[in-house]
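Structural features, examined
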Amino acid sequence: MDWLDALILGIVQGLAEYLPISSSGHLEIFRDILNINIAGDDILEFDVMLHAATVLSTIVVLWKEFYPLCKSFFTVKLDYNFYYVCKILVSCIPVAIVGFCFKDFVESLFGGSLLVVGICLCVTALLLTFAYFFRTRPMMLNKLSGKYSEPRDITWIDAFVIGVAQAIAVLPGLSRSGTTIATGILLGDKREKVASFSFLMVIIPILGEALLDLKDMIGGGADTESGVSGLCLAIGFIASFVVGCIACKWMLNIVKKGKLIWFALYCIVMGIICICW
């Protein structure tokens, strides 16, 4: 891997982590296009840096929301922010179970396959399309009462269901942000609340995944001479952070305007290309 490869992958990670197009799927696609073949431990090291960059960009962009949440939670101030953090923790339960119990199985079964990436991209497209047509208006029809009800704040049950959607999105090509945002919209939650919740809830799983990857790197006895240079790691980190900040702000506005259908079209095209590759 040279510095240009690292720059491209950093840009891809920064964009795809927030846009509903699957970061894991697009990293697989671009590694295949760039013909990057390096050892597994080196891939883990580079991915850890990219994930750390996207976590940092989330914190920077959502700092006005992130700081009050941390302040209320760590001082045990039983207000709205405290319970909001508790909902985020509830949403992390499903993905934590998958990460600790089935991470190696999922990676061995589905990792590195462009066919799987293509199929999952098509599934992402269907999810985004369904959410778009189901919630094209600011209010949704309650079929039981026959009345319209305003979108609501995220409930405890909603948080868990969105967490289940995030756990399913560990499959490469199934967009995490797209799956969680679409699920929240389908549940009847406010678009702007779903978007910020989706980005904040991923901080803990990404950090957890990074720790698991570090454990694998240490336990695997990685060589001292890495196939990825320090320059490439730095370039990938900076590119992912800068592009991630831009993409995060952009995605928040897109969700508020309800324009996810365009990403559905992109995912279906890319999915078909991957399947045919």
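It should be noted that the structure appears before, not after, this text.
Now for a description of the structure that goes with this document. What you are looking at is a predicted structure, and each value in this text was computed from that prediction instead of being measured.

Criteria and thresholds
By convention here, each chain's residues receive numbers from 1 onward along its written sequence. Totals for whole chains, interfaces and linings use all residues, but because this is a predicted model, local features are given only for residues with pLDDT of at least 70 and pairs of side-chain atoms are given and counted only at 80 or more. Hydrogens and waters are ignored; side-chain quantities use all the structure's heavy atoms. Labels follow the DSSP assignment, with helices taken as runs of H or I lasting at least four residues and strands as runs of E lasting at least two, numbered in each case from the N terminus. Each residue is placed in one exposure class: buried if its accessible area under a 1.4 Å probe, protein chains only, is under 20% of its type's maximum, exposed if it is over 50%, and partly exposed if it falls in between. Contacts between residues were defined by any pair of non-hydrogen atoms, one from each residue, lying within 4.5 Å. Among buried residues, those of type Ala, Val, Leu, Ile, Met, Phe, Trp, Tyr and Cys that are joined through side-chain atoms within 4.5 Å constitute a nonpolar core. A residue counts toward a patch only above 30% relative accessible area and without a salt bridge, and it is joined to like-charged neighbours within 9 Å or, for Val, Leu, Ile, Met, Phe, Trp and Tyr, to nonpolar neighbours within 5 Å. Computed with a 1.4 Å probe, the accessible areas rest on the Shrake-Rupley method; for each residue, only the protein chains presented here act as cover. Think of a salt bridge as a Lys or Arg side-chain nitrogen and an Asp or Glu carboxyl oxygen that are within 4 Å of each other. The rule is short: rings of Phe, Tyr and Trp, with Trp giving its six-membered ring, pair when the centres are within 6.5 Å, and they are stacked under 30 degrees, edge-to-face over 60, tilted in between. The rule for a charge over a ring is simple: NZ of Lys or CZ of Arg within 6 Å of the ring centre, and within 35 degrees of the ring normal. Interaxial angle, 0 to 180 degrees, is taken between N-to-C directions of lines fitted to C-alpha atoms, where a helix line uses only the stretch in contact. Small angles under 35 degrees read as roughly parallel and large ones over 145 as roughly antiparallel, with 65 to 115 read as roughly perpendicular and the rest as oblique. It is the rotation of the near helix from the far one that decides the hand of a crossing: anticlockwise by less than a right angle makes it left-handed, clockwise makes it right-handed. In the scheme used here, Gly and all other residues not listed as nonpolar or charged are polar, with Ala, Val, Leu, Ile, Met, Phe, Trp, Tyr, Cys and Pro taken as nonpolar and Asp, Glu, Lys and Arg as charged. The length a helix should cover is 1.5 Å for every residue beyond the first.

1. Things to note about the side chain of Glu17
Checked against the element boundaries, Glu17 lands in the loop between α1 (3–16) and α2 (23–33). For Glu17, a relative accessible area of 8% corresponds to the buried category. Not counting residues within four places of it along the chain, the set of residues in contact with Glu17 comprises Ser23, Thr54, Arg176, Ser177, Val202 and Ile206.

2. Comments concerning the nonpolar core
It is characteristic of soluble globular proteins that their nonpolar side chains tend to be buried jointly. The biggest cluster of nonpolar side chains holds 50 residues, and the ones touching the most others in it are Phe197, Leu200, Met251 and Leu260. Ranked by the residues each element gives to this core, the list is headed by helix α11 (residues 230–257), at 7 residues. Core analysis: the second largest hydrophobic core is formed by 11 residues, Val12, Leu50, Val228 and Cys232 among them.

3. Notes on a nonpolar patch on the surface
A cluster of nonpolar side chains, namely Ile93, Ile97, Phe102, Phe105, Phe160, Val164 and Ile168, defines an oily patch on the protein surface of about 640 Å² accessible area. For the nonpolar patch, the element with the most residues is helix α5 (residues 80–110), which contributes 4 residues. By relative accessible area, which is 47% here, Ile168 ends up partly exposed.

4. Quick word on the pattern of salt bridges
Inspection of every chain in the model, using the stated rule, returns 3 salt bridges. Here Arg176 makes a salt bridge to Glu17, at a shortest N to O gap of 3.7 Å. Linking Arg176 in helix α8 (residues 176–187) with Glu17 in the loop between α1 and α2, this pair joins segments that are 159 residues apart in sequence. Assigned by exposure class, Arg176 and Glu17 land together as buried. We note a salt bridge from Asp47 to Arg31, for which the minimum N-O separation is 2.4 Å. Of this pair, Asp47 sits in helix α3 (residues 40–61) while Arg31 sits in helix α2, placing them 16 residues apart in sequence.

5. So, the packing of aromatic side chains
The description of two aromatic rings rests on the distance between their centres and on the angle between their planes. Following the criterion strictly, the structure yields 9 aromatic pairs and no others. A centroid spacing of 6.1 Å and a plane angle of 40° characterise the contact between Trp63 and Phe66, whose relative ring orientation is tilted. Note that Trp63 and Phe66 are positioned in helix α4 (residues 63–74) at a spacing of 3 residues, about one turn of the helix. Through a chain of ring-to-ring contacts, the aromatic side chains of Phe73, Phe74, Phe82 and Tyr83 assemble into a single cluster. Looking at Lys87, its charged tip hangs above the ring of Trp156, at a distance of 5.9 Å from the centre.

6. So, the packing of α2 against helix α6 (residues 114–134)
Two numbers describe how α2 lies on α6: the axes approach to 10 Å, and their chain directions differ by 140°. One way to sum up the angle between α2 and α6 is to call them oblique. For the element pair α2 and α6, the recorded crossing hand is left-handed. Packed against α2, whose contacting residues are Gly25, His26, Glu28, Ile29 and Asp32, the element α6 presents Leu114, Val117 and Leu121 at the interface. Partitioned by chemical class, the residues of the contact of α2 with α6 number 4 nonpolar, 2 polar and 2 charged.

7. What about α2?
Those residues of α2 lying buried are Ser23, Gly25, His26, Leu27, Ile29 and Arg31. Asn35 sits one or two residues past α2 and shows a positive phi near 55°.

8. Section: helix α7 (residues 156–168)
The end-to-end C-alpha distance of α7, which contains 13 residues, comes to 19 Å, matching closely the 18 Å that a straight helix rising 1.5 Å per residue would cover. For α7, the complete set of buried residues consists of Asp158, Ala159, Ile162, Gly163, Ala165, Gln166 and Ala167.

9. What about unusual backbone geometry?
Positive phi, normally seen in glycine, also occurs at Ser22, with a value near 75°. Its location among the elements puts Ser22 in the loop between α1 and α2. A positive phi angle, near 50°, is found at Val76, a position not held by glycine. Tracing the backbone shows Val76 in the loop between α4 and α5.

Nothing here speaks to function; it is geometry throughout.
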